[in-house]
Amino acid sequence: MFVLGVTVFSIYNESKPSLDAIDRQTTAEGLIDKVNSINEARVTLINSQGEILASSFRPDTIEPKIIEYVDVQVINNRVYFLYKKGLFVENLSLGLIVYNDITILLIEITVIGTLAILLFAVSTLTIYLRGSYLTRKAFGVLDELTEKANNISSQNLNLRLNVNDSTDELIEIALTFNRMMDRIEKAYEKQNQFVSDASHELRTPISVIQGYARMLDRWGKDDKDILQESIQAIKKESENMQDLVEKLLFIARNDKDTLVLVKGRFNMSELIGELIRETILLETNHNIESHVEPEIMLDGDRDRIKQALRIFVDNALKYTETGKIITIKLTIEDNYAVVTVRDNGIGIPEEQLPNIFDRFFRVDASRERDKGGHGLGLSIARIIVLRHGGRIKVASKPGEGTRFKIYFPIDLPPSTSHSE
Ligand code: ADP
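### Quick word on helix H1 (residues 2–24)
Along an α-helix, residues three or four apart share an orientation, since each turn contains 3.6 residues.
For step 1, the next point in the chain: Relative to the 33 Å expected for 23 residues at 1.5 Å per residue, H1 spans 32 Å between its end C-alpha atoms, a close match to the ideal helical length.
For step 2, the next point in the chain: Along H1, the sharpest change in direction is near 40° and occurs at Lys16; proline Pro17 comes one to four residues later.
For step 3, the next point in the chain: Along H1, the residues classified as buried are Leu4, Thr7, Ile11, Ser15, Ser18, Leu19, Ala21 and Ile22.

### Looking at the sheet that holds strand S4 (residues 78–89)
Two modes of strand pairing occur in sheets, parallel and antiparallel, and in both the strands are linked by backbone hydrogen bonds.
For step 1, the next point in the chain: One open sheet accounts for five strands, arranged S2-S1-S5-S4-S3; its pairing is antiparallel. The open sheet has two edge strands with one neighbour each: strand S2 (52–55) and strand S3 (70–75). Averaged over all pairs of adjacent strands, the angle between strand axes in this sheet comes to 25°, irrespective of strand direction.
For step 2, the next point in the chain: With three bridges connecting them, strand S1 (residues 42–46) and S2 associate as antiparallel partners. When the bridges of S2 are listed, Thr44 appears paired with Ser55.
For step 3, the next point in the chain: Running over the sheet, helix H2 (residues 28–37) touches S1, S2, S4 and strand S5 (92–101) and is turned about 45° from S2.

### Concerning the sheet that holds strand S10 (residues 336–343)
For step 1, the next point in the chain: Spatially, the five strands line up as an open sheet ordered S7-S9-S10-S12-S11, and their pairing is mixed. Because the sheet does not close on itself, it has two edges, and the strands there are strand S7 (287–292) and strand S11 (391–397). Adjacent strand axes in the sheet meet at a mean angle of 10°, parallel and antiparallel pairs treated alike.
For step 2, the next point in the chain: The sheet strands contacting helix H6 (residues 268–282) are S7, strand S9 (325–333), S10 and strand S12 (401–409), and the helix crosses S7 at an angle near 170°.

### Considering the packing of aromatic side chains
For step 1, the next point in the chain: Inspection of the entire model under this criterion finds six aromatic pairs.
For step 2, the next point in the chain: Ring geometry for Tyr80 against Tyr99: centres 6.2 Å apart, planes inclined by 75°, an arrangement best described as edge-to-face. Linking Tyr80 in strand S4 with Tyr99 in strand S5, this pair joins segments that are 19 residues apart in sequence.
For step 3, the next point in the chain: Between Phe194 and Phe360, the aromatic rings sit 5.7 Å apart at their centres with planes inclined by 45°, giving tilted as the arrangement. With Phe194 in helix H4 (residues 168–220) and Phe360 in the loop between S10 and helix H8 (365–370), this residue pair connects regions lying 166 residues apart in the sequence. Neither residue differs from the other here; Phe194 and Phe360 are each classed as buried.
For step 4, the next point in the chain: When the ring centre of Tyr336 is taken as origin, the NZ or CZ atom of Arg391, which lies over that ring, is 4.9 Å away.

### Some details on the domain arrangement of the protein
For step 1, the next point in the chain: For the protein, the assigned domains read domain 1 (2–101), domain 2 (168–255) and domain 3 (264–416).
For step 2, the next point in the chain: One C-alpha centre belongs to domain 1, the other to domain 3, and the line joining them spans 112 Å.

### Looking at helix H3 (residues 103–151)
For step 1, the next point in the chain: Here H3 spans 71 Å end to end across 49 residues, near enough to the 72 Å set by a 1.5 Å rise per residue.
For step 2, the next point in the chain: Here H3 has its buried residues at Thr103, Leu105, Glu108, Val141 and Lys148.

### Remarks on the packing of helix H5 (residues 224–255) against helix H9 (residues 377–387)
For step 1, the next point in the chain: For the pair H5 and H9, interaxial distance at closest approach is 10 Å and the crossing angle is 40°. The angle between H5 and H9 falls in the class oblique. In the packing of H5 onto H9, the handedness of the crossing is left-handed. Residues Lys247, Phe250, Ile251 and Asn254 of H5 form the contact with H9, whose participating residues are Ser379, Ile380, Ile383, Ile384 and Arg387.
For step 2, the next point in the chain: Split into classes, the residues belonging to the contact of H5 with H9 amount to five nonpolar, two polar and two charged.

### Some points on the pairing of S12
For step 1, the next point in the chain: By the criterion of burial, S12 is predominantly enclosed, with seven of the nine residues buried.
For step 2, the next point in the chain: Judged from the eight bridges that link them, S10 and S12 form a sheet pairing that is antiparallel. Bridge assignment links Ala337 to a residue of S12, and that residue is Phe408.

### Digging into the packing of H1 against H3
In a pair of packed helices, the angle between the axes and the distance between the axes together describe the arrangement.
For step 1, the next point in the chain: Direction vectors running N to C along H1 and H3 enclose 175°, while the axes themselves pass 10 Å from each other. It follows from the interaxial angle that H1 and H3 lie roughly antiparallel. Residues Val3, Leu4, Thr7, Val8 and Ile11 of H1 form the contact with H3, whose own contacting residues are Ile104, Leu105, Glu108, Ile109 and Ile112.
For step 2, the next point in the chain: Along the lines of polarity and charge, the residues of the contact of H1 with H3 split into eight nonpolar, one polar and one charged.

### Digging into the environment of Tyr212
For step 1, the next point in the chain: Residue position: Tyr212 is located in helix H4.
For step 2, the next point in the chain: For the pair Tyr212 and Ile234, spaced 22 residues apart in sequence, the C-alpha separation works out to 7.0 Å.
For step 3, the next point in the chain: Non-local contacts of Tyr212, meaning those with residues more than four positions away in its chain, are made with Glu229, Ser230, Ala233 and Ile234.
For step 4, the next point in the chain: At a separation of 3.2 Å, a polar atom in the side chain of Tyr212 contacts the side chain of Glu229.

Quick notes on the rules
- Residues numbered from 1 in each chain as written.
- Predicted model: local features only at pLDDT ≥ 70, side-chain atom pairs only at ≥ 80, totals over all residues.
- Heavy atoms only, no water.
- Helix = DSSP H or I, 4+ residues; strand = E, 2+ residues; numbered from the N terminus.
- Expected span 1.5 Å × (residues − 1).
- Bend = angle between axes of the 7 residues up to and from the residue.
- Buried < 20%, exposed > 50% of the residue type's maximum accessible area, 1.4 Å probe, protein only.
- Pairing = 2+ DSSP bridges.
- Axes fitted to C-alpha atoms, helices over the stretch in contact; angles between N-to-C directions.
- Contact = heavy atoms within 4.5 Å.
- Phe/Tyr/Trp six-rings, centres within 6.5 Å; stacked < 30°, edge-to-face > 60°.
- Lys NZ or Arg CZ within 6 Å of the ring centre and 35° of its normal.
- Domains from an automatic or database assignment.
- Parallel < 35°, antiparallel > 145°, perpendicular 65-115°, else oblique.
- Left-handed = near helix turned anticlockwise from the far one by under 90°.
- Nonpolar A, V, L, I, M, F, W, Y, C, P; charged D, E, K, R; others polar.
- Polar contact = N/O pair within 3.5 Å; in protein donor to acceptor, adjacent residues only side chain to side chain.

Next comes the structure, spelled out in structure tokens:
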């Protein structure tokens with residue numbers, strides 16, 4: 001465009017001084033002389049009858065042309081744009097036909113036009129090829145996604161999409177799919193681990209019961225001591241099994257989201273009092289110390305909260321030598337009812353603390369099985385506390401003891417929260 005502008009400007013500039021000189025003529029004679037003598041522009045002067053009065057063309061080169069308004073003419077392989085301009089001198093109406101050489105301009109227009117068409121064709125082709133490449137890539141990832149999604153089963157949860165082959169736009173889809181598969185695989189492994197741990201835990205009481213059943217079969221009918229021992233062991237192991245199955249069912253219900261909490265407003269101070277009385281009644285080997293702030297009310301499932309707190313208290317008793325002190329407290333901290341269960345028992349090594357809420361986790365599996373633990377208590381307690389919007393803090397030192405602090409949010413009902 002710029003080049004064309006420059007060419008048009010130079011065509012105009014080349015002939016302008018001559019045309020200005022012609023314009024300045026005031027006599028017909030001067031005008032004829034000027035037109036005959038100029039070299040820089042090609043012009044022809046005609047009278048009102050169309051007769052040629054003067055011309056800047058030498059007579060032997062071309063035949064001057066007479067036109068009405070405008071015209072295009074090819075002369076000696078050059079293209080001219082002709083236009084007629086009216087002149088008035090000495091009351092004469094004359095016409096000046098101006099020839100502009102537009103050959104270069106036309107060549108430029110042709111070249112630039114061709115280049116523009118070429119550029120357009122190349123860009124269209126590039127866009128088309130890139131588009132079809134991207135489309136193929138897009139469909140490639142979607143095909144792979146469809147195929148992998150169709151093939152996914154529990155046997156090959158490790159299937160992932162190839163992120164490197166995806167375009168920028170599809171990387172997010174591929175990454176999302178892979179992240180989803182990571183979560184599914186993890187959940188599936190966790191579930192598998194749970195089932196295998198549960199089976200393992202159930203196998204022990206079943207073997208013990210089978211062993212005693214065989215013993216009874218052989219000698220039980222005659223030997224009263226064996227009979228008594230077997231009955232006791234079978235009773236203990238079946239209770240153990242029942243306890244385990246109930247815990248497993250609780251966890252399964254929570255996982256399936258079918259765990260129902262029967263929530264209501266209750267007196268937490270009374271509940272803790274009850275828990276302390278029951279503990280003292282059943283447990284005479286430890287010194288139970290307590291401090292309960294009165295009239296603390298809570299919204300929640302009273303039975304479940306008691307079940308959770310019993311787990312902490314039972315653990316404190318289980319993992320503390322007889323004769324030592326167990327402290328149970330209920331206080332208020334900010335907007336939380338805080339239950340503290342502290343013992344000065346065996347404690348938990350620091351590196352094990354993050355694991356104690358994991359299912360089937362026991363610091364020392366062999367030692368703790370004797371104490372009747374399956375490693376499920378704290379995970380159940382955690383479920384209950386979390387379902388009430390609470391949290392648990394634990395601090396422990398091996399040989400010194402453990403302190404659990406369980407926080408339950410107190411959501412005061414409108415009638416009491418705005419009391420005067
Ligand atoms: P378990 O039924 O085996 O007691 P839990 O889930 O209740 O299982 O506890 C997990 C593990 O955390 C226990 O096996 C024990 O090693 C440790 N633990 C829990 N409470 C205490 C405590 N008060 N003192 C020492 N160790 C504890």
